[in-house]
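Tertiary structure, described
One-letter residues, chain by chain:
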Amino acid sequence: MPASGGRAVVFKVTDDRLGEWSVLRVAGELDLVTSPVLRQRVHEAVAQGRHHLVLDLSDVFFCDSSGVGVLIAARRLIRSCRGRLRLILPAGGADGTSRGSGGEHGGGAHVNRVLGALGVRRLFDVYEDLATAVAEEPLSA
């Protein structure tokens with residue numbers, strides 16, 4: 001059963017630009033069904049020459065192994081272009097929980113925990129908010 005308790009979940013990826021950074025804001029569940037959408041959006045950004053990418057996962061409240069696979073593949077693709085990839089992953093409250101914009105538990109903290117549990121969080125440049133992530137210049141990898 002999906003993390004949403006059986007409700008229809010809207011998965012959305014929106015695109016923005018902040019200085020030299022391209023920002024993909026992701027919301028919903030990042031799973032086997034939705035992860036190809038994010039993979040495609042990352043590939044489109046790179047094909048357009050946008051090699052400094054921020055994935056804002058603040059509103060992702062569930063992530064499975066296919067979602068993690070897309071994040072790792074995005075890192076590999078961006079590095080092959082000598083670009084930079086940064087993730088926005090709020091740490092959550094003292095109890096390790098936070099709420100996404102739709103009121104669901106997770107709100108990026110779930111993704112943070114999943115990456116940590118799998119031992120791959122250290123592969124990524126992780127920031128708690130967008131302002132901090134785009135404040136530093138996107139030095140090439």
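Not measured: the values here are computed from a predicted model. (Residues numbered from 1 in each chain as written. Predicted model: local features only at pLDDT ≥ 70, side-chain atom pairs only at ≥ 80, totals over all residues. Heavy atoms only, no water.)

**Here we look at the pattern of salt bridges**
Inspection of every chain in the model, using the stated rule, returns four salt bridges. A salt bridge links R25 to D16; the nearest nitrogen and oxygen atoms lie 3.1 Å apart. Residue classification places R25 among the partly exposed residues on the basis of a relative accessible area of 30%. One salt bridge connects D125 with R84, and the closest N-O pair in it is separated by 2.6 Å. Note that D125 is positioned in strand β5 (residues 125-127) and R84 in strand β4 (residues 84-88), a separation of 41 residues in sequence. Given a relative accessible area of 29%, D125 falls into the partly exposed group. (Salt bridge = Lys/Arg side-chain N within 4 Å of Asp/Glu carboxyl O. Buried < 20%, exposed > 50% of the residue type's maximum accessible area, 1.4 Å probe, protein only. Helix = DSSP H or I, 4+ residues; strand = E, 2+ residues; numbered from the N terminus.)

**Quick word on the confidence of the model for the protein**
Per-residue confidence for the protein averages 85 on the pLDDT scale, and 79% of its residues sit at or above 70. pLDDT under 50 marks residues 93-106. Its contacts with residues more than four places away, or in other chains, come to 22 contacts. (pLDDT = per-residue confidence, 0-100. Contact = heavy atoms within 4.5 Å.)

**Focus on helix α3 (residues 109-118)**
Every buried residue of α3 is listed here: A109, H110, V111, N112, V114 and L115. On its buried side, α3 packs onto β3 (52-63), α2 (65-80) and β4. Two residues or fewer after α3 comes G119, characterised by a positive phi angle close to 75 degrees.

**Describing the sheet that holds strand β1 (residues 12-18)**
Across the sheet, which stays open at both edges, the five strands sit in the order β1-β2-β3-β4-β5 with mixed pairing between neighbours. On the outer flanks of this sheet lie β1 and β5, each paired with one strand and no other. This sheet shows a mean twist of 25 degrees between the axes of neighbouring strands, independent of strand direction. Bridge count for β3 against β4 is five bridges, and the pairing is parallel. Across the sheet, the residue bridging to L55 is L87, located in β4. (Pairing = 2+ DSSP bridges. Axes fitted to C-alpha atoms, helices over the stretch in contact; angles between N-to-C directions.)

**Details of the packing of helix α1 (residues 35-47) against α2**
At a minimum axis separation of 9 Å, α1 and α2 run at an interaxial angle of 10 degrees. In terms of axis orientation, α1 runs roughly parallel to α2. When α1 is examined against α2, the residues S35, L38, R39, V42, H43 and V46 are found in contact with a partner set consisting of S66, G67, V70, L71, A73, A74, L77 and I78. Split into classes, the residues belonging to the contact of α1 with α2 amount to nine nonpolar, four polar and one charged. (Parallel < 35°, antiparallel > 145°, perpendicular 65-115°, else oblique. Nonpolar A, V, L, I, M, F, W, Y, C, P; charged D, E, K, R; others polar.)

**Observations regarding the nonpolar core**
Residues L38, L55, L57, L71, L87 and L115 are the most contacted members of the largest nonpolar core, which totals 26 residues. Those elements that provide at least two residues to this core are β2 (21-30), α1, β3, α2, β4 and α3. Not counting residues within four places of it along the chain, the set of residues in contact with L55 comprises L24, L38, V42, L71, L85, R86, L87 and I88. W21, V54, L130 and A133 belong to the second-largest nonpolar core, a separate cluster that totals seven residues. (Core = buried A, V, L, I, M, F, W, Y, C linked by side-chain atoms within 4.5 Å.)

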